[in-house]
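What follows is the residue order along each chain.
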Amino acid sequence: MSTVTHKFHRWLINAMTFERDWRKGNQENFDYYDGQQWSEFEKVALEARGQQPTVLNMCRPTIDMVLALEAERRVNIQVAEREESDNMMATLLTKLLKQVYEVNDKDYYAAQSFREGLIGGRGWMMAKPKKDKTGQIDIAVDWVPWEEC
């Protein structure tokens, strides 16, 4: 095995290890958002003392406020011309993009990917070609859950 191949293999193993550890920690971030902030050990200890494992969840309302601000301040996309002669084409492309986004509920998917990025650090959405029922190719906008990124 050459040195270059060996180096790339080491990088791959390091990336896989990082990803495994990151996913475990990221799930904890989503659990905190959902109010699950006590470990099983802590719950058992509290219940043994006769205390209820109560959570005053400050994560969720803070994140929800940022999500609302993002939705309120989301900007409309606009294609800009490079030269004055491109103005008509830029206007047409802007209308086309807005139609594709509207048909595909882009705002919903944008909000989902922003939410996951805010909670766990990784949010993803994509546009891709998709065949409709008649076999015509359409453009689909979709959100990719953080577990699949």
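To start, this report covers the structure provided alongside it. Everything quoted here is computed from the prediction, not taken from an experiment.

Topic: the nonpolar core
Taken as a class, soluble globular proteins show a tendency for nonpolar side chains to be buried jointly.
Thinking step 1. Grouped together as the largest cluster of nonpolar side chains are 7 residues: Trp22, Phe30, Tyr33, Ile63, Leu67, Ile119 and Trp146.
Thinking step 2. Those elements that place two or more of their residues in this core are α1 (3–33) and α3 (59–73).
Thinking step 3. Looking at which element gives the most residues to this core, the answer is α1, with 3 residues.
Thinking step 4. Dropping the residues within four chain positions of it, phenylalanine 30 is found in contact with Arg115, Glu116, Ile119, Gly120 and Trp146.

Regarding the pattern of salt bridges
Thinking step 1. Per the stated rule, a full pass over the model turns up 9 salt bridges.
Thinking step 2. Aspartate 21 serves as the salt-bridge partner of arginine 20, at 3.5 Å between the closest nitrogen and oxygen.
Thinking step 3. On the basis of relative accessible area, arginine 20 is assigned to the exposed category, the value being 52%.
Thinking step 4. Judged by relative accessible area, aspartate 21 falls into the partly exposed class, the value being 44%.
Thinking step 5. Here aspartate 107 ties to lysine 106 by a salt bridge, and the two come within 3.7 Å at their closest N and O atoms.
Thinking step 6. Within the structure, one salt-bridge network assembled from shared partners comprises Glu70, Arg74, Lys106 and Asp107.

A closer look at α3
Thinking step 1. The end-to-end C-alpha distance of α3, which contains 15 residues, comes to 21 Å, matching closely the 21 Å that a straight helix rising 1.5 Å per residue would cover.
Thinking step 2. Burial in α3 covers these residues: Ile63, Leu67 and Glu70. End-on, the buried residues of α3 take up no more than an arc of 60°, which puts them together on one face. Exposed positions of α3 whose direction lies more than 90 degrees from the buried face are Glu72 and Arg73.

Points about the packing of aromatic side chains
Thinking step 1. Applying the stated criterion across every chain, the model contains 4 aromatic pairs.
Thinking step 2. For the ring pair phenylalanine 30 and tryptophan 146, a centre distance of 5.3 Å and an interplane angle of 5° mean the geometry is stacked. Of this pair, phenylalanine 30 sits in helix α1 while tryptophan 146 sits in the segment after β2 (137–144), placing them 116 residues apart in sequence. Here phenylalanine 30 matches tryptophan 146 in class, with each residue buried.
Thinking step 3. We note arginine 122 situated over the ring of tryptophan 22; from NZ or CZ to the ring centre the distance is 3.9 Å.

Remarks on a nonpolar patch on the surface
Thinking step 1. Residues Met89, Leu92, Leu93 and Leu96 make up a contiguous nonpolar surface patch of about 380 Å² in total accessible area.
Thinking step 2. Counting through the fold element by element, methionine 89 comes out in helix α4 (residues 87–103).

What about the side chain of glutamate 116?
Thinking step 1. Within the fold, glutamate 116 resides in helix α5 (residues 106–120).
Thinking step 2. Although glutamate 116 is buried, it makes no salt bridge; arginine 115 carries the closest opposite charge, 4.6 Å away.
Thinking step 3. Within polar-contact distance, the side chain of glutamate 116 engages the side chain of tryptophan 143 at 3.4 Å.
Thinking step 4. Leaving out residues up to four positions away in the same chain, glutamate 116 has contacts with Phe30, Gly121, Arg122, Gly123, Trp143, Val144, Pro145 and Trp146.

Calculation rules
Residues numbered from 1 in each chain as written. Predicted model: local features only at pLDDT ≥ 70, side-chain atom pairs only at ≥ 80, totals over all residues. Heavy atoms only, no water. Core = buried A, V, L, I, M, F, W, Y, C linked by side-chain atoms within 4.5 Å. Buried < 20%, exposed > 50% of the residue type's maximum accessible area, 1.4 Å probe, protein only. Helix = DSSP H or I, 4+ residues; strand = E, 2+ residues; numbered from the N terminus. Contact = heavy atoms within 4.5 Å. Salt bridge = Lys/Arg side-chain N within 4 Å of Asp/Glu carboxyl O. Expected span 1.5 Å × (residues − 1). Arc of directions from axis to C-beta. Phe/Tyr/Trp six-rings, centres within 6.5 Å; stacked < 30°, edge-to-face > 60°. Lys NZ or Arg CZ within 6 Å of the ring centre and 35° of its normal. Patch = residues over 30% accessible without salt bridge, like charges linked within 9 Å, V, L, I, M, F, W, Y side chains within 5 Å. Areas by Shrake-Rupley, 256 points an atom, 1.4 Å probe, with all protein chains shown as cover. Lys, Arg positive; Asp, Glu negative; His and termini not counted. Polar contact = N/O pair within 3.5 Å; in protein donor to acceptor, adjacent residues only side chain to side chain.

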